[in-house]
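Per-entry structural report
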Amino acid sequence: MFREEFVNLDNWSLYRSAGHDGQGLRRPSQIAVANGIATIYGDSAGKTGGMKLRSPVQKHGLWSVHMRTPPGAGVYHPVCLLWGVGSGSDVNAATGEIDFVEFWNRPARDRNEFTLHYGDGSQMIGGGVAVDGTQWHTYHVLWTPSEIKAWIDNNSPYYRTTDTAKFPQSSVETCIQLDFFPFEDTTGGSASMQVDSVVIWTLAEYEAIVPPPVTETEQTWIFGFASHHRLWAGSTLGDTGDATGLPLERYYVLLRGTAASTAATMDKVFGTGAWGTQEPYTTSSVGSRSWLDISPVL
């Protein structure tokens, strides 16, 4: 595990370049450390800062950044991102980009956006969540071979994707930037963002501290049917047709397996939407219900 608590900026490369998309300037003088907090300042003329962590550079893992951003000019986007290795300084990276903190033109810093860039870097998917970014929060992103998800503090994930074709193609570097977008907000002005810790786990370290998922055990489930479905003579498919066929309302089926596997069986045999309820079997739950024998078709 890597942990940065900002005693200094020795672990970081400070940008000295044109700003995002050639707008404004990025200068090391716009970044300062005091009392364990790194602050990036952006002035009204577009001079701002950004920095890249020298190490670790990795593919997959968990990244957590504890930060806040005071109310400020909408022309500035406070951003924490994972940038594909070898992408250089271009706006779009074919090697991939994960923006897990970004306040887009939000002077009140009241909504965070997650963006996964893919393809040539200009294509993107993502989502956002309301948050008071002026207060201290921990922003997390987990990247595994099968999933990328983001959440804030100890809340449930607000964004998740399993579309692995859009995942970064290389290892990534950790970057923190206060990006200047002068055409988004004509009011202009200054802004800042503050970060007091960055914690990075490899995927193996993350999996070691997270308990494995509980494997669902098999049990017997009772399924009830939707009232409008009927079972056609000579068929195993429930449907909404005319009055012919056996009405399935008030009939029940017992199946043994996991919740997911038995529901899939019901979908296959009777059709999705044919059944309306699913509940665990108990010795007291059978009562005087009418049972449909489907064992021949299983």
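Located above this text is the structure these notes cover.
First, a word on what this report is: a plain description of the structure on this page. It should be emphasised that the depicted structure is a prediction, and the values quoted were computed from it without experimental measurement.

Here we come to the overall build of the protein chain. Scanning the protein chain for helices and strands turns up two helices and 25 strands. Against the 2.2 N^0.38 benchmark of 19 Å for 298 residues, the protein chain shows a C-alpha radius of gyration of 27 Å, more extended than a compact globule. Expressed as lengths along the three principal axes of its C-alpha atoms, the size of the protein chain is roughly 80 × 45 × 35 Å. When burial is assessed residue by residue, the protein chain has 45% of its 298 residues classed as buried. In the protein chain, the proportion of contacts linking residues at least 24 apart, taken out of those at least 6 apart, comes to 65%. Taken as a whole, the protein chain presents about 14500 Å² of accessible surface, with 51% of it coming from carbon and sulfur. Separation of charge centres in the protein chain, based on 20 positive and 31 negative side chains, amounts to 1 Å.

Now for the sheet that holds strand β7 (residues 47–48). Strands sit in the order β3-β4-β7 across an open sheet of three strands; the sheet is mixed. In the strand order of this sheet, the two ends are held by β3 (17–18) and β7, each with one partner. In the sheet, β3 pairs with strand β4 (residues 25–26) via two bridges, with the strands oriented antiparallel. Looking at the pairing, A18 lines up with L25 of β4.

Mapped onto the elements, D163 comes out in the loop between β16 (159–161) and β17 (172–180). Sequence spacing of D163 and E147 is 16 residues, and the spatial spacing of their C-alpha atoms is 7.5 Å. In this structure the side chain of D163 is engaged in a polar contact, spanning 2.5 Å, whose partner is the side chain of K166.

The two faces of a sheet get side chains in turn, since along a regular strand they alternate between them. The element strand β12 (residues 111–118) is largely enclosed, with a buried count of six among its eight residues. In this sheet, strand β13 (residues 123–130) lies alongside β12 in antiparallel orientation, the contact comprising eight bridges. Opposite Y118, over in β13, you have Q123 as the bridge partner.

Quick look at a nonpolar patch on the surface now. Together, L254, Y281 and W291 make up an exposed nonpolar region whose accessible area comes to about 260 Å². For Y281, the position within the fold is in the loop between β24 (275–280) and β25 (290–291).

What follows covers the pairing of strand β11 (residues 97–102). Among the six residues in β11, six count as buried, and that is most of the element. Here strand β10 (residues 76–84) pairs with β11 via five bridges, running antiparallel. For W83, the partnering residue across the bridge sits in β11 and is E97. In the sheet, β11 pairs with β12 via three bridges, with the strands oriented antiparallel. Counted as the bridge partner of D99 is T115 from β12.

Turning to the sheet that holds strand β23 (residues 251–257), a few remarks are in order. Spatially, the four strands line up as an open sheet ordered β24-β19-β23-β25, and their pairing is mixed. Looking along the sheet, the strands with just one partner apiece sit at the ends: β24 and β25. Summarising the sheet, strand β19 (residues 219–225) and β24 pair through five bridges and their orientation is antiparallel. The partner of F223 across the bridge, within β24, is Q278. Relative to β23, helix α2 (residues 259–270) is tilted by about 135°, and along the sheet it contacts β19, β23 and β24.

Our next topic: the pattern of salt bridges. Side chains carrying opposite charge are able to pair once their charged atoms draw close together. Taken as a whole, this structure holds seven salt bridges when the rule is applied. Linking D179 and R26 is a salt bridge whose minimum nitrogen-to-oxygen distance equals 2.8 Å. Taken as a pair, D179 in strand β17 and R26 in strand β4 lie far apart in primary sequence, 153 residues in all. Overall, D179 belongs to the buried group, its relative accessible area being 5%. Between E147 and R160 there is a salt bridge whose closest N-O contact spans 2.6 Å. Placement of the pair is E147 in the loop between β14 (137–143) and β15 (148–152) and R160 in strand β16, with a sequence separation of 13 residues. R160 sits in the partly exposed class, given a relative accessible area of 46%.

Reading guide: rules and limits
- For every chain, the first residue of its written sequence is number 1, and the numbers climb from 1 along that sequence.
- With the structure being a predicted model, the display of local features is reserved for residues of pLDDT at least 70 and the display and counting of side-chain atom pairs for 80 or more, all residues being used for whole-chain, interface and lining totals.
- Calculation of side-chain values draws on the structure's entire complement of heavy atoms; hydrogens and water are dropped beforehand.
- Going along the chain from the N terminus, every DSSP run of H or I of four or more residues is numbered as a helix, and every run of E of two or more is numbered as a strand.
- In this setup the radius of gyration rests on C-alpha atoms only. A globule is expected at 2.2 Å times the number of residues raised to 0.38.
- Categorising residues by exposure relies on relative accessible area from a 1.4 Å probe, with only protein chains included: less than 20% of the type maximum marks a residue as buried, more than 50% marks it as exposed, and the intermediate range marks it as partly exposed.
- Working rule for contacts: check all heavy atoms of both residues, and any pair within 4.5 Å makes them a contact.
- Methods summary: accessible areas were calculated by the Shrake-Rupley approach with a probe of 1.4 Å, and residue burial reflects only the protein chains presented.
- In this count, Lys and Arg are taken as positive residues and Asp and Glu as negative ones, while His and the chain termini are left out.
- In plain terms, the charge of a residue is placed at NZ if it is Lys, CZ if Arg, CG if Asp and CD if Glu.
- Note on pairing: two strands pair once DSSP finds at least 2 bridges between them.
- Under this definition, polar contacts are N or O atom pairs within 3.5 Å; protein pairs additionally need one hydrogen-donor-capable and one acceptor-capable atom, and for neighbouring residues in sequence, both atoms have to be side-chain atoms.
- Each patch is built from residues lacking any salt bridge and having more than 30% relative accessible area; the joining distance is 9 Å for like charges and 5 Å for nonpolar side chains (Val, Leu, Ile, Met, Phe, Trp, Tyr).
- Whenever a carboxyl oxygen of Asp or Glu lies within 4 Å of a side-chain nitrogen of Lys or Arg, that contact is scored as a salt bridge.
- Simply put, an axis is a line fit to the C-alpha atoms, just over the touching stretch for a helix, and the angle between two N-to-C directions goes from 0 to 180 degrees.

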